[in-house]
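Chain by chain, the residues:
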Protein chains: 2
Amino acid sequence: MHFSDLSMRQQKILRFILAFTTSHHYPPTIREIGDEVGISSTSVVNYNLSKLEDFELISRDREVSRGLSLNLPRLAEIGLAFDEANGNYASAMDGLAASAENARSHRFRIPVLGKIAAGQPIPVIPSEPYDPEGWIELTEGMLSLPTGRLFALRVQGNSMIDASVLNGDIVILQQQETANNGDMVAAWIEGDEETTLKYLRREGDMVHLMPANPNPEYQPIVRPADKVRINGKVVSVIRML
Amino acid sequence: MHFSDLSMRQQKILRFILAFTTSHHYPPTIREIGDEVGISSTSVVNYNLSKLEDFELISRDREVSRGLSLNLPRLAEIGLAFDEANGNYASAMDGLAASAENARSHRFRIPVLGKIAAGQPIPVIPSEPYDPEGWIELTEGMLSLPTGRLFALRVQGNSMIDASVLNGDIVILQQQETANNGDMVAAWIEGDEETTLKYLRREGDMVHLMPANPNPEYQPIVRPADKVRINGKVVSVIRML
DNA sequence: ATAGTACACGAACATTTGTGCGATGTCAAG
DNA sequence: CTTGACATCGCACAAATGTTCGTGTACTAT
């Protein structure tokens with residue numbers, strides 16, 4: 001299951017819910033979704049919403065207005081794709097007050113999507129739907145890189161301790177399918193069905209995911225390149241004490 | 001303006017909104033609030049909600065179901081006492097001035113005031129944020145609700161490398177005159193006329209400022225307590241790669 | 001006393017908003 | 001060609017939900 005496996009409408013719906021929820025602090029209605037995604041019938045939105053619920057990408061409270069919430073950790077798992085043009089996913093939507101508010105400010109709003117294992121990778125990231133604890137906002141000069149497609153994860157485990165990334169830290173990643181040797185990346189390992197935070201190293205057709213911890217308990221993970229999918233590259237680390 | 005200045009109903013309403021939003025991931029309706037707080041009339045809830053909006057403690061979207069959201073930074077400012085029954089954030093805090101002049105947006109704006117040495121002297125930390133070289137914005141849950149003014153500094157030097165604070169990192173500090181043993185603090189050393197970033201340790205009348213670097217080049221600084229002034233305590237570390 | 005203000009109540013009202021259902025189009029399997 | 005799962009559309013309906021308004025009470029200032 002990958003984000004791109006979803007229908008275009010479902011992808012748009014997810015992106016819209018994320019953008020809307022982030023800027024409004026409450027979820028959108030069926031009609032608001034329909035208007036934005038270009039679905040005239042509320043029942044079609046409802047239909048797709050139910051599909052997304054089957055995939056556990058959202059959860060719904062029936063008969064409750066705006067009774068839905070994103071399962072952001074799961075979204076991160078399947079590789080939510082951000083809007084290319086605007087970089088910032090939050091301004092992906094047009095015609096909303098949100099985008100207007102966003103357009104004039106040179107800020108990066110970054111969702112904290114969930115946790116990532118740095119250590120013994122955990123099979124499935126335990127997830128609660130939309131965690132309101134999570135979004136951070138940085139201003140222009142704070143990030144040097146082309147601003148775009150950013151998301152954040154909370155680190156679990158100590159495998160990257162030598163890279164000064166500790167258990168509990170938040171890493172900000174730039175969403176990308178490829179990365180260079182030496183980059184710290186979030187990688188999905190097919191077969192193992194797990195995501196982990198490691199240094200990337202390529203050797204021929206093999207990909208080495210290198211921990212940064214001298215303890216022998218942490219060993220490199222070596223896999224064929226086609227069994228590893230890069231979710232993003234770490235561009236920033238944040239720690240709360 | 002303090003939290004306890006609000007009417008009991010308004011206090012209850014705020015606590016309920018917080019509890020409800022936390023557990024449902026969307027805000028409550030007027031009637032849900034009324035039921036919980038013990039208000040039979042929806043108009044009374046509406047009335048009090050409008051009051052709270054005047055105080056900028058919440059923001060509302062008119063004619064929108066569940067169209068309200070808490071202004072957490074402002075809430076922290078006025079010292080919201082959380083409900084023990086609901087578990088979270090049970091500690092009573094006496095919030096003081098934070099930097100939340102942008103009340104509608106529910107964000108913490110943190111000025112980056114300058115550099116701090118891990119071994120080098122730097123100028124005083126101004127009590128009035130002026131001419132920051134930049135600023136960072138974090139939102140609501142990113143920081144455990146601050147009880148004081150926040151500011152940020154850019155780290156120079158490697159004396160705290162063992163604490164995973166590297167050269168070039170940005171540390172966010174909470175302004176306070178005192179700190180506990182083990183806290184990482186920015187301290188002004190009288191006589192030396194310099195500010196430095198170190199771990200704090202008290203021993204009798206002496207204050208030890210401990211580096212976190214095994215290299216013998218970095219030595220603890222030991223001074224009489226009255227020669228050391230704490231400028232703030234590190235609550236967060238940010239690193240850009 | 002009189003007027004004014006803040007707060008509260010309840011009921012009627014007007015939207016907003018989720019749900020249900022019949023009809024249509026597509027496409028691949030039988 | 002027929003069948004049937006998918007996905008879509010439009011529309012009617014009912015429930016959920018914000019708004020308005022007339023009334024009442026208590027307290028304050030004039």
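You'll find the structure just up there.
What you see is a predicted model; the values in this text were computed from it and never measured.

Reading the values: rules and limits
- Residues numbered from 1 in each chain as written.
- Chains lettered and ligands numbered in written order.
- Predicted model: local features only at pLDDT ≥ 70, side-chain atom pairs only at ≥ 80, totals over all residues.
- Heavy atoms only, no water.
- Near = heavy atom within 4 Å.
- Polar contact = N/O pair within 3.5 Å; in protein donor to acceptor, adjacent residues only side chain to side chain.
- Phe/Tyr/Trp six-rings, centres within 6.5 Å; stacked < 30°, edge-to-face > 60°.
- Helix = DSSP H or I, 4+ residues; strand = E, 2+ residues; numbered from the N terminus.
- Buried < 20%, exposed > 50% of the residue type's maximum accessible area, 1.4 Å probe, protein only.
- Salt bridge = Lys/Arg side-chain N within 4 Å of Asp/Glu carboxyl O.
- Axes fitted to C-alpha atoms, helices over the stretch in contact; angles between N-to-C directions.
- Parallel < 35°, antiparallel > 145°, perpendicular 65-115°, else oblique.
- Contact = heavy atoms within 4.5 Å.
- Nonpolar A, V, L, I, M, F, W, Y, C, P; charged D, E, K, R; others polar.
- Patch = residues over 30% accessible without salt bridge, like charges linked within 9 Å, V, L, I, M, F, W, Y side chains within 5 Å.
- Areas by Shrake-Rupley, 256 points an atom, 1.4 Å probe, with all protein chains shown as cover.
- Lys, Arg positive; Asp, Glu negative; His and termini not counted.
- Charge placed at Lys NZ, Arg CZ, Asp CG, Glu CD.

A.B. asks: Help me get a handle on the protein's contact with DNA strand C, residues and values and all.
C.D. replies: Taken together, 24 residues are adjacent to DNA strand C, and Arg66(A), Ser40(B), Ser41(B), Ser43(B) and Tyr47(B) come closest. Here DNA strand C approaches the protein such that, of its atoms within 4 Å, sugar and phosphate make up 62%. In this structure, Arg60(A) approaches DNA strand C through a side-chain N or O atom, which is 3.4 Å from a phosphate oxygen. Between DNA strand C and Arg66(A), the relevant distance is 2.5 Å, taken from a phosphate oxygen to a side-chain nitrogen or oxygen of the residue.

A.B. asks: Can you break down the packing of aromatic side chains residue by residue, with the values?
C.D. replies: Residues and elements named next belong to chain A. In the structure shown here, the tally under the stated rule is four aromatic pairs over all chains. Aromatic side chains Phe16 and Phe20 sit 5.6 Å apart centroid to centroid with 55° between the ring planes, which places their arrangement in the tilted category. With Phe16 and Phe20 both in helix 1 (residues 8-24) and four residues apart, this pair spans about one turn of that helix. When its relative accessible area of 3% is taken as the criterion, Phe20 is described as buried. Cluster of aromatic residues (ring-pair linked, three or more members): Phe16, Phe20 and Tyr26.

A.B. asks: Describe in detail the pattern of salt bridges, supporting the description with residues and values.
C.D. replies: Residue and element names in this part refer to chain A. Across all of its chains, the model carries eight salt bridges over all chains by this definition. With its nearest N and O atoms 2.5 Å apart, the salt bridge here joins Arg62 to Glu53. Glu53 sits in the partly exposed class, given a relative accessible area of 23%.

A.B. asks: Tell me about the packing of helix 1 of chain A against helix 3 (residues 42-54) of chain A, residues and numbers included.
C.D. replies: All names here are of chain A. Between helix 1 and helix 3, the shortest axis-to-axis distance is 10 Å and the interhelical angle comes to 85°. As summarised for this structure, helix 1 and helix 3 are arranged roughly perpendicular, according to the angle between their axes. Where helix 1 abuts helix 3, its residues Arg9, Gln10, Ile13, Leu14 and Ile17 lie against Val44, Asn48, Leu49, Lys51 and Leu52. In terms of residue class, the contact of helix 1 with helix 3 is made up of six nonpolar, two polar and two charged.

A.B. asks: I'd love a proper account of unusual backbone geometry, names of residues and values included.
C.D. replies: One non-glycine residue, Ser164(A), lies in the positive phi region at around 60°. By secondary structure assignment, the location of Ser164(A) is in the loop between strand 5 (150-156) and strand 6 (170-175). Despite not being glycine, His25(B) shows a phi value in the positive range, around 70°. Along the chain, His25(B) falls in the loop between helix 1 (8-24) and helix 2 (30-37). Given a relative accessible area of 13%, His25(B) falls into the buried group.

A.B. asks: Explain the protein's contact with DNA strand D to me, using residue names and the numbers behind them.
C.D. replies: In the region of DNA strand D, 24 residues are neighbours, and Ser40(A), Ser41(A), Ser43(A), Tyr47(A) and Arg66(B) sit closest. Here, DNA strand D places atoms within 4 Å of the protein, and 66% of those atoms are sugar or phosphate. One nitrogen or oxygen atom from the main chain of Ile30(B) is found 2.8 Å from a phosphate oxygen belonging to DNA strand D. For DNA strand D, a phosphate oxygen lies 3.2 Å from a polar atom in the side chain of Asn46(B).

A.B. asks: Break down a negative patch on the surface for me, citing the residues and quoting the values.
C.D. replies: Taken together, the side chains of Glu190(A), Glu193(A), Asp205(A) and Asp226(A) make up a negatively charged region of the molecular surface. Positionally, Asp205(A) belongs in the loop between strand 8 (194-203) and strand 9 (206-210).

A.B. asks: Give me the side chain of Gln11(B): which residues, what numbers.
C.D. replies: All names here are of chain B. Secondary-structure assignment places Gln11 in helix 1. Among the residues examined, Gln11 registers a relative accessible area of 9% and is labelled buried. Within the structure, the side chain of Gln11 is placed 3.0 Å from the backbone oxygen of Leu6, a separation counted as a polar contact. Excluding residues within four positions of it along the chain, Gln11 makes contact with Phe3, Ser4 and Leu6.

A.B. asks: Talk me through the environment of Leu18(A); I want residue IDs and the actual numbers.
C.D. replies: All names here are of chain A. Structurally, Leu18 can be placed in helix 1. Residue Leu18 is classed as buried on the basis of its relative accessible area of 2%. Each C-alpha atom of the pair Leu18 and Ser69 lies 9.0 Å from the other, and the pair is 51 residues apart in sequence.

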